[in-house]
Structure formats: C-alpha cells, structure tokens
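Here is how the chains run, residue by residue.
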Amino acid sequence: MKITDLRIRPLILPLAQPYHWTQGVRDSFAVNLIELELADGTVGIGEATVAPDQQASVLILKRLAEKLVGESVFDAAVLRDRILSQSYMAYGANTMRAANQMLAGIDFALWDAQGKLAGRPVTKLLGGAYRRKVGYFFFLQGDTPEELAAHAAGGAAAGERVFYLKVGRPDMDRDIEIVRAVRAEIGSARLRLDANEGWDPYRAIAMCRRLEPFDIDFIEQPTPSWSLEALRHVKERVGIPIVADQAAFTLYDVHEIARMRAADMICIGPREVGGIQPMLKAAAVAEAAGLSICIHSSFTTGITTAAEHQIARMIPNLDDGNQIMWQLARDNIVAAPGLAPVQGWLDLPDAPGLGVTLDADAVAGLTHPG
C-alpha cells in the first residue's frame, strides 16, 4: 500500500501545572502531530518532539516526508534508515540524536498505518507480547516539600507502587528535605529519584550517601550525560542503584553503557532511539548484558504513550516502573482508550495499530497557526 501524503500539524500544549526540574521551569510543551495517509485513505498517526524551534522542525519533517510519498508503508525500517542516510549522514550531519526525534514520529505513523491495514496491534506485527499489563511509576509534581508531600499522599491513598521525584536542585539540603517529606507520606512504597545531570561525581556520591537512609530504589542520571566514566565512577562507590537516562540516546549509547557497566539499568525511549524497532534493538543489547530497560517518556501526548506501551509489551527485560507523561498536559488529545494507569498498571485493549483515537476538537484547539 503506497503512501500518498504526510501532513504535519504543530501543537502547543499547556501543562496542568508548572514543571520543575534541573533545567528550569516549564509551563507548556510543543509536538508536531504527523498524519501519514495511504492510497486507500488509511491514516497512521505519530508525533515528533520539538527542539529547539517548532516551525523549523515542521520544515524539516516536510522535507523528510518527500522521501516517503510513493513508497510502500510496509517498508518502515528501510525507509527510516534511508532517511537517516540520505537526509543526514550524506551531508556530514552526524546529528543522530536530533534525527531520531524526527524519525520516531514518522516511525509511529508508519506502524500505526500498517496495524490499521492489517487490523492488528503493533505487537502482533512484531512478534507478539510478553505481557498484557505494563507497570508505570507515579510522577510527583510540585516544587516545595509541602506540595510534593501532598501529591505523594494522594498517590499513596490511591495505592501507587512506585513514586518518581525530581531532585538535583542547587540547594542540596532542600532535596533532602523534600525526599524526607515524600518518604513520610508513602511509607514502604518504592521511591525513585531523577537528578537530570544535576551533580558532578563528588556531589553525586555525597548526595547518595545522605539519601541512603531513605531507601531509594534508584537515582537516574546523577552526572552529566556526556561522561559515562563519571556515571560509572558514582555507580561503583554508592549503595543506591544508578540508572542511565540522558546518557542513553542512541543504540550505540546503549552498547557503550552496557560494555562499560556504567549503570545498573538503562532508561531510554523511542523518542531518543528513533522509533519502535530501534527500541526493540536497544532492549536486546541491554538484555545481552543482563540489564533491564525502563522506558523513558518526555513532553509528549498519549500518542507516544500508546507507542511506548506497544513497545513495553514486547520487551522481555522490561522494568515495572516505566515513565508516562501525557497526564502532565492540561488537555488530553486522545479520546480513546483511557491511558491512566490504575495502581501503577495499565492494560490497553488490542486495537489496530497504536490503538488510539484522537479527539479532533482537542487537536484543533491546540493547533498552532505558525
């Protein structure tokens, strides 16, 4: 079945509340909605994250789309690799991280269209599922100890299993105060921390030692992403498991982390590695090294959540506290199915493709005029 068109719609989504992390505070995020149309009228949907400029990203996606029109939708892997080779590598632009963010959105749309044509979910096109339910953590939001403790109390009352908290503030004592307040509310539930590259090895080691009494499940990316040696240095000297996140952005990053034993787990998502099949490759590399994969999400809608969920069902070496972020947006553009985990678990129906139906009114209201 031939691809006849690929349309790009820039969306801007306000957040339900300000998002605090080591890189600052955000109140909205942008994505580019991708609609890939086939000769019979079937439309596959995907989305690409935006950095650093949305309109520039739209122009790039439109240029990449030229290489898809007239091609078979069933050549997803070949088309993805061709675009990377001809539109990036051939020009000496070894910007694989930036390319992967574009290619992931296109890849989602290609697989969504294939699944709709076949009447099967993506998992049934790529070998089947290891599990029905996928585990996700409860993402704590707020900035003060009081705000974060209140959110944690709500999660504990709802029976959440795994809690996830941003740390890495310049005031290290403030981080300790927040962790103490959250731990007091969640009891024996698992607590994971993400420093988002906020510490050098000296501070990371010092903080880990101060945090050990709070029974921390793991700390994600405590040191700068460009130095796997720094990450390994911390891992070898502390009692809290260390997870690579920003350091894992390509298939080759995953290999190096595994080879160097730089982390106890690898957190990576399709947005980083370039799509659904590349994520399965990344998981296989980690599996060969005896490591689990925790699926990383980003500022995305339920479209990416659905793609991540399809991937999660197919990965044998999957963690049980994966990331989910669509709920941080004020507006939900997915009309069906419901994407909210219950006590940390999500079981979606076996609908064709990625399995989501968009809310056309919500999409129209969030479309940016350019």
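Described in the following lines is the structure provided in the data block. (Residues numbered from 1 in each chain as written. Predicted model: local features only at pLDDT ≥ 70, side-chain atom pairs only at ≥ 80, totals over all residues. Heavy atoms only, no water.)

Working definition: the strands of a sheet are paired by backbone hydrogen bonds and lie parallel or antiparallel to each other. The strand order across the open sheet formed by 3 strands is β1-β2-β3, and the pairing between neighbours is antiparallel. If you trace the sheet from one side to the other, it starts and ends with β1 (3-21) and β3 (43-49), each paired once. Averaged over all pairs of adjacent strands, the angle between their axes in this sheet comes to 25 degrees, without regard to strand direction. Strand direction decides the pairing type here: β1 and strand β2 (residues 24-38), joined by 14 bridges, are antiparallel. For L11, the partnering residue across the bridge sits in β2 and is V31. Helix α3 (residues 96-118) contacts β1, β2 and β3 of the sheet and is inclined by roughly 160 degrees relative to β3. (Pairing = 2+ DSSP bridges. Helix = DSSP H or I, 4+ residues; strand = E, 2+ residues; numbered from the N terminus. Axes fitted to C-alpha atoms, helices over the stretch in contact; angles between N-to-C directions. Contact = heavy atoms within 4.5 Å.)

Our next topic: the side chain of T305. The residue T305 is located in helix α12 (residues 302-314) in this model. Not counting residues up to four positions away in its chain, the partners in contact with T305 are I324, W326 and L339.

If a probe the size of a water molecule is rolled over the atoms, the empty space left behind becomes visible. Its boundaries defined by the atoms lining it, the largest pocket holds a volume of some 590 Å³. Contributing to the lining of the largest pocket are 33 residues, with W21, Q246, R271, S298 and F299 lying nearest its centre. Those elements that provide at least two residues to the lining of the largest pocket are β1, β2, α3, β6 (162-166) and α10 (270-273). In terms of residue class, the lining of the largest pocket is made up of 12 nonpolar, 11 polar and 10 charged. Taken as a whole, the second largest pocket spans an internal volume of roughly 310 Å³. As for the second largest pocket, its lining consists of 16 residues, and the residues nearest its centre are F138, F139, H151, Q327 and L328. Listed by contribution, the elements that provide at least two residues to the lining of the second largest pocket are β1 and β5 (138-139). When residues in the lining of the second largest pocket are grouped by element, the largest group, 4 residues, is from β1. (1 Å grid on protein atoms, 1.4 Å probe; cavity = no way out; pocket = protein on both sides within 12 Å on 5 of 7 lines; lining within 4 Å. Points joined across faces, edges and corners; volume = space filled by probe spheres on them. Nonpolar A, V, L, I, M, F, W, Y, C, P; charged D, E, K, R; others polar.)

A few words on the environment of T223. Tracing the backbone through its elements, the reader meets T223 in the loop between β8 (216-220) and α8 (228-235). The class of T223 is buried, set by a relative accessible area of 0%. When the C-alpha positions of T223 and N32 are compared, they lie 30 Å apart, and in sequence the two are 191 residues distant. With sequence-adjacent residues up to four places away left out, T223 is seen in contact with E197, W199, D200, P201, A204, A230, L231 and V234. (Buried < 20%, exposed > 50% of the residue type's maximum accessible area, 1.4 Å probe, protein only.)

The analysis is restricted to geometry; functional conclusions fall outside its scope.
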